[in-house]
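Breakdown of the fold
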Amino acid sequence: MDRVTFTLNGVKHSVGNEVSSTTTLLDYIRKVAELRGTKYMCKEAGCGACIVSYSRPSDDAAFGRHIVQGVNACMVSITSCQDWEISTIEHIGNRLQGYHPLQVTLARDNGTQCGYCSPGWVMAMYSLLSTRPRTIFEIENDLSSNICRCTGYRPILDAFKKFGSDAPINSLIDIEDLKLCDKIIHKKKCPDNNKKDLNEDWYVITKEEVSSKVIHLKLHDDRIWYRVEMVNDIFNIFMEEGTDSYMLINGNTGKGVVNILEYPRLLIDISNVWELQGHYIDQNLVIGAGTTLTKVMQIFQDVSEDEYFAYLRVLSEHLELVAHIPVRNIGTVAGNLMVKHRYPEFQSDIFLLLSTVGAELTILHGPGLTEIVPMEHFLQFDMTGKVILNILFPPLNNQYKLWTHKIMPRAQNAHAYVNCGFLYKLESTTNKVLECRIAYGGLSPFFTRALLTESHIVGKSLFLNETLQEVLSVLDEELDGAVVPMPPNPSVQYRKQVALALFYKGLLALAPQNLVSPHYVTGAIKEHATRPLSSGQQEFDTDPKVYPLNKPIPKLEGIIQCAGEAKYTEDIPTLPGEVYACFVLTTVPRGRIVNIDPSRALERPGVIAFYSAKDIPGVNSFIPVVTKYRKLIRENEELLCDGDVKYFNQPLGIVVAETEILAELAATLVHVTYTDVKEPVIDIKVAKRDMSRNIFFVNIPATKVSPDIHQIISGEITIYTQYHFSMETLCCVSRPTEEGIKTYASTQWIDAVQDMTSRALKIDAGRIDVSVRRLGGAYGIKISRNTQQAVACNLVVYKLNRPCRFIQSLRTNMRAVGKRLPCSVDFEAGVNKEGVIQFINFVLYSDNGYIYNENLSDLGKDVYYNCYDQAPWNYTCFNTLTDTASNTWCRAPGTLENIISAEMVMEQIAYELGLDPLQVRLANLDRAKHNAIQEMTDTIMVKSNYKERRKHVDNFNEENRWKKRGFRFTLMKWSPYGTFYYEVNLSVFHQDGSVIISHGGVEMGQGINTKAIQICAYYFGIPVDMIQVKRNDTVTTPNGFTTAGSLTSQNIGIGVQKCCEELLRRLAPIRARLGNPTWVELIRAAFDADLSLQTHGLLNASDEENIDVYGVTLAEVEIDVLTGEHEIIRVDLIEDTGRSLNPVIDVGQVEGAFIMGLGYWTCERMVYDPQTGEVLSDHTWEYHVPQARDIPQDFRVYFRKGSFSTPRALGAKVVGEPATCMAVSVPLALREAITSARTDSGIPSTVWYEIDGPYSVENIYLNCATIKEQFKFY
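What you see is a predicted model; the values in this text were computed from it and never measured. All residue numbers refer to position in the chain's written sequence, counted from 1. Local features in this predicted model are restricted to residues whose pLDDT is 70 or higher, and side-chain atom pairs enter the listing and the counts only when it is 80 or higher, whereas totals over whole chains, interfaces and linings include all residues. The basis for the side-chain values is all heavy atoms of the structure; hydrogens and waters are excluded.

A look at the overall build of the protein
Scanning the protein for helices and strands turns up 36 helices and 42 strands. Rg of the C-alpha trace for the protein: 31 Å, near the compact-globule value of 33 Å for 1274 residues, within the 12% margin. Summarising its shape, the C-alpha atoms of the protein cover approximately 95 × 80 × 70 Å along the three principal directions. A burial count over the protein gives 67% of its 1274 residues as buried. Within the protein, residue pairs in contact and separated by at least 24 positions form 78% of the contacts whose partners lie at least 6 positions apart. The Shrake-Rupley method, run with a 1.4 Å probe sphere, supplies the accessible areas, and residue values consider only the shown protein chains as cover. As displayed, the protein offers around 42,600 Å² of accessible surface, 51% of which is attributable to carbon and sulfur atoms. For helices the rule is a DSSP run of H or I covering at least 4 residues; for strands it is a run of E covering at least 2, with both sets numbered from the N terminus onward. Throughout, the radius of gyration refers to the C-alpha atoms, and the reference size of a globule is 2.2 Å times the residue count to the power 0.38. Burial classification: accessible surface area is computed with a 1.4 Å probe over protein chains only, and a residue below 20% of its type maximum counts as buried, one above 50% as exposed, and the rest as partly exposed. Residue contacts follow a heavy-atom distance rule, with two residues in contact if any of their heavy atoms lie within 4.5 Å.

Structural data, given as structure tokens:
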């Protein structure tokens, strides 16, 4: 029986018919090898958490040396790993053998918070260095494979840039200690190794040296798997097996574009067919279709030295924007083209580039039967039973001018909204067009070339204003009707208009500089291409007299997080008899369920059970509605839909199966019949006009209305939702125990899981044990939303008496679970000539989703006026219902909506009156209560060199038509709020005086455990390494409230103080008797005296320490008027953190919160089908959080000097959420840049215009109000 063999961390492994076609390398690493240090989130190569290092013979042959690269383990079928050598995070460094310098440096430099993504970052960097040395700039540019939601990236980049080949010498890092693979240093001896012949890697060994070994497997799910080494083998298999249902597999990265739950019947691994790899030159450059994109880029760079192929440099630069390095390492040209062939709506950059340069494909119909196919015919070409053999790139002399561009929602690792390629052959003296190719992607599935425009432009002088306008008119007409809706991509209006602008931008880039006016010349510059290396500064004071309080020490769990040794919920090893569960979701927005038929799902081998609402023994809810929390939590929400559908993709049932992927597949097979289906209302701007959907919450009337009214200003402010994007999705592992159920849940609120499991299953709470060690990020989604999934998991355990693992996929998370509350504000304000508000009627509508349950509006009612004079504000708030999932806690809930709305009001006042927005803010500042803000503003003005930079921005905008800058201050007062109840226990061991703490808070990256240890060490006068914090569970810390509101760290700290103070009181007589004992002597003496060495602290409402947090932010940005792209040039941020307990942890919290807010305002765009309410942006392919090249180029964070809160809070203030609100400085700066462009278009700057966030490339471009008639060379 054939087997696929490979090595994993130096140990030989093999797989055969026991695995399924859906079993990935990630599945094998985690579930079979039980190496749980490798994490995952999206399972589509979009997050980087699953990156491992590998080498394979085909790569070694092509590169002529042993090559180690990174790969997304979630993409690779385990049966594709023949002869691979794979290394995971456990192999490169661990506590037994010693940690790798990358792990140590990342931890030491505070590049880890929740830590869930950290192993993936380490492996990505390890793989980059294993492949070849990299400069600092290359390191920053090459890490687009990974996402971090916690840190804001700056400390990760700072840590890894220390390993750059041009980094300053750092005594803490010895390159010899990197422990990279020995083989990468010494090239293998290959026949052509010392030659510079361009053909050197096309044919590495002769045919006679190859014995074609075909591996044949009958997989566990009845799929047939072949691994072949010769092209002829493919056609032999076609003859034997047929071509009715098959798939050729190389890198399998297409599953990152199109989700695959079930593979075709026949699968053929062609990754080792060398005839499909490498390159040679006859007249054309011929590249094997199975060549990976990484190798193609290297080939382009090498061959571009030939003058006839110099244009390949442009293609290579464009390919850097295709996915990221681990995907390019295994993704192939043919694979990309075949995804485009099967799914024409796929915005393939490969197809675009080949179309632009006139490349052709060699298609094999059978052994030796070839056909040359131009790109324009490929999409219509029947590829059944055929193979793409190679790609032919034509030689182009220096008369050909090539320019390409790709507009993405962020700087890297995203598909194109619109991409383009323009190739012109010009007469050298007159610039007349002899030939041209104008290619676009992203406009429609089948419009790829502007053929009419191409014909029209031939024979014309290219760089004349008259020619430009004439051709633009032709192109405009050709695009009419050609551009079609492609949701969730931007609107037809944007994509058509930006296609015209790209045509112009390309000509600006190709035109001789003497033909372009200096006013227009910056239009040729690609906004992201000129981004410099990012940098950051952090400024704070510390007081060694109170160390370890206020001491900037790294997070104490950091090293085990970076080594993959920190355990998260889904890292619990596979349990005997374990099953997997998955929600079945509704497929209508509103209606009634008539019948649920799970028979098709239950017929599948391995599907075990289906449960619906009628199978719940107790209450059908997951919300802990109790008197204590009634102010914040009001109503039950259904665990499973019991008839009346509330929103599209509401959970209605649970499928249970033997494997995770089978449960997901079975969930799609449950047939549900509906009636009374209605169209939903999903937009808060629409819903608020229906008074039946508005539930009055509060009115806080003005206390003073002044008569000095110069102008009435009114407006509407609307902001939409944001997905939390925690790197660890919602998950739960539960098992039966002799008492009842043991639950490991990724939750911020273990008491809620225990409470609602008890109610739903009608068993005593004491029989349910809930535990959590740490979370891989949360940001509010795991307060109540995880409870739904955890209770569902426990229902399965209850029904089957078997362990259950419920892992909610990213798509289910994004579809079925509520998100940040959108809101819409209507206001009318009377102001005097200085912009001071005399009165303001301010009405906020908060979008709760289908039910008004979690009263998050209550959290914002103390900040609706921000830091400004409250007296003239007449504030009214409604909780509004829409037909969407119940929206929930998300970083700074309630406060963010109010603070940013107040800032928007100030901005509009300034614009309409033509005043300086900063002066308007300061004129309205309540100095009696919040004068700290004036001091902090003054600090920023000095540190930022504000006045000089203000002049520079003004001059820049005056001198440049197609690049504009904005420069804006925002102010903030953030008020913490919450109901709290936590238990804290402290125990000291008599043997050595070591201390353990258990508390009711949950560590999720905010450093709660590190701060608790610092406080304990301070009170006891002992080293921090003598103290440990144990996991949170309902046995030791029952009845606790959720970890939320940024206050939990502060409150647990107070609880630790109580414990320490109590124990010190007990120890005082013994200390006095002994004189000056050491800590160990004191503890041993206390033990001998029969004293209890365990104390307990209870935190409740009497311990409330709610202290205002202040912040001032200044952001400078630049936009590309022709595309809508932007760069954040610099951010200066000062926050009043009090006397920080740990400044480096708090800096990380501030930076991470700011970047999460930055994503909310720029690139994070939730898209719904307006007819059904279905979420269309439900995975990383369509929902884009910021990455490392999206953060400010220069990010400076300052903590206010001399600040101290209260003695009970040890001088500190909360930090986890406020900076999220401070990111509003970025959209306001973007608005100034947009306004400058509008002014150039003849629109007065005093004309206000609404932008309903985010400030995406679409919103920026369209609001610049540019028309094609403004496109000129001179």
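Considerations on the nonpolar core
Buried Ala, Val, Leu, Ile, Met, Phe, Trp, Tyr and Cys residues form a nonpolar core when they are joined through side-chain atoms within 4.5 Å. Formed by 337 residues in total, the largest nonpolar core has its most connected members in Tyr 440, Phe 503 and Trp 1079. Apart from residues no more than four positions distant in its own chain, Tyr 440 is found in contact with Leu 352, Val 418, Asn 419, Cys 420, Phe 422, Phe 447, Thr 448, Leu 475, Ala 499 and Phe 503. Formed by 41 residues, the second largest nonpolar core is a distinct cluster that contains Ile 299, Ala 359, Leu 361 and Leu 423.

Description of the pattern of salt bridges
Salt bridge criterion: a side-chain nitrogen from Lys or Arg within 4 Å of a carboxyl oxygen from Asp or Glu. Summed over all chains, the structure comprises 91 salt bridges. Linking Glu 376 and Arg 449 is a salt bridge whose minimum nitrogen-to-oxygen distance equals 3.6 Å. Here Glu 376, found in helix 14 (residues 375-378), pairs with Arg 449, found in the loop between strand 17 (433-441) and helix 15 (451-457); they are 73 residues apart in sequence, far enough to count as distant. Taking the relative accessible area as the measure of exposure, Glu 376 reaches 39% and is therefore partly exposed. With relative accessibility at 12%, the residue Arg 449 sits in the buried group. The shortest N-O distance in the salt bridge between Glu 1232 and Arg 950 comes to 2.4 Å. Of the two residues, Glu 1232 is situated in helix 35 (residues 1225-1240) and Arg 950 in helix 29 (residues 946-959); the sequence distance between them amounts to 282 residues. In this structure, Glu 1232 and Arg 950 share a single accessibility class: buried.

Concerning the pairing of strand 41 (residues 1126-1135)
With 10 of 10 residues buried, strand 41 is to be regarded as a mostly interior element. One requirement defines pairing of two strands: DSSP has to find at least two bridges between them. In terms of strand pairing, strand 40 (residues 1109-1120) meets strand 41 through 9 bridges, oriented antiparallel. For Val 1112, the partnering residue across the bridge sits in strand 41 and is Ile 1134. Linking strand 40 to strand 41, which pair antiparallel, is a turn of 5 residues; within it Gly 1124 sits at a positive phi near 90 degrees.

What to know about the confidence of the model for the protein
Each residue gets a pLDDT score, which is the predictor's confidence in that residue and runs from 0 to 100. Confidence in the prediction of the protein, expressed as mean pLDDT, is 95, and 96% of residues score 70 or more. For residues 181-210, every residue scores under 50 in pLDDT, and the model assigns this stretch 46 contacts once sequence neighbours within four places are set aside.

Looking at the side chain of Gln 788
Within the secondary structure, Gln 788 sits in helix 23 (residues 781-800). Classification of Gln 788 as buried rests on a relative accessible area of 7%. When residues no more than four places from it in sequence are discounted, the contact partners of Gln 788 are Phe 583, Phe 622, Glu 638, Leu 639 and Pro 651.

Brief notes about the packing of helix 9 (residues 293-303) against helix 10 (residues 312-319)
To define axes, lines are fitted to C-alpha atoms, for helices over the stretch in contact only, and angles between the resulting N-to-C directions are given on a 0 to 180 degree scale. At a minimum axis distance of 8 Å, the contact between helix 9 and helix 10 shows a crossing angle of 155 degrees. As the angle between them shows, helix 9 and helix 10 are arranged roughly antiparallel. Crossing angle aside, the handedness with which helix 9 passes helix 10 is left-handed. Between helix 9 and helix 10, the residues in contact are Val 296, Met 297, Phe 300, Gln 301 and Val 303 and Leu 312, Leu 315, Ser 316 and Leu 319, respectively. Polarity classes work like this: nonpolar for Ala, Val, Leu, Ile, Met, Phe, Trp, Tyr, Cys and Pro, charged for Asp, Glu, Lys and Arg, and polar for all others, with Gly in that last group. Looking at the contact of helix 9 with helix 10 residue by residue, the class counts come to 7 nonpolar, 2 polar and no charged. Here the word oblique covers every angle except those under 35 degrees (roughly parallel), over 145 (roughly antiparallel) and from 65 to 115 (roughly perpendicular). Two helices that cross are described as forming a left-handed crossing if the nearer one is turned anticlockwise from the farther one by less than a right angle, and a right-handed crossing if clockwise.

Observations regarding the packing of helix 29 against helix 35
The description of two packed helices rests on the angle between their axes and on the distance between the axes. Closest axis-to-axis distance for the helix 29/helix 35 pair is 11 Å, and the angle between their directions is 35 degrees. When you trace helix 29 past helix 35, the crossing you get is right-handed. Side by side, helix 29 and helix 35 meet where Arg 950, Val 953, Asp 954 and Asn 957 of the first sit next to Glu 1232, Ser 1236 and Asp 1240 of the second.

Remarks on the sheet that holds strand 20 (residues 590-597)
One open sheet holds the 3 strands; their spatial order is 22-20-24, and the pairing between them is antiparallel. Two strands close off the open sheet at either side, each with one partner strand: strand 22 (644-645) and strand 24 (671-678). Here strand 20 runs beside strand 24; their pairing, made up of 6 bridges, is antiparallel. Counterpart to Arg 592 in the pairing with strand 24 is Thr 675.

Observations regarding the environment of Asn 960
The residue Asn 960 is located in the loop between helix 29 and strand 34 (963-974) in this model. If we ignore the near neighbours within four places in the chain, the residues touching Asn 960 are Pro 518, His 519, Thr 522 and Asp 1240. Each polar contact in these results corresponds to two N or O atoms within 3.5 Å; when the atoms are within protein, one needs to be able to donate a hydrogen and the other to accept it, and residues that are neighboring in sequence are counted only if both atoms are side-chain atoms. Among the polar contacts listed, one links the side chain of Asn 960 to the side chain of Thr 522, at a separation of 3.3 Å.

Quick look at helix 8 (residues 231-241)
For helix 8, the set of buried residues is Val 231, Asp 233, Ile 234, Phe 235, Ile 237, Phe 238 and Glu 241. Buried-residue contacts for helix 8 involve strand 7 (224-227), strand 8 (246-249), strand 9 (266-269), strand 12 (360-366) and strand 14 (387-393). Where helix 8 terminates, the next one or two residues include Gly 242, which has phi positive at roughly 90 degrees.

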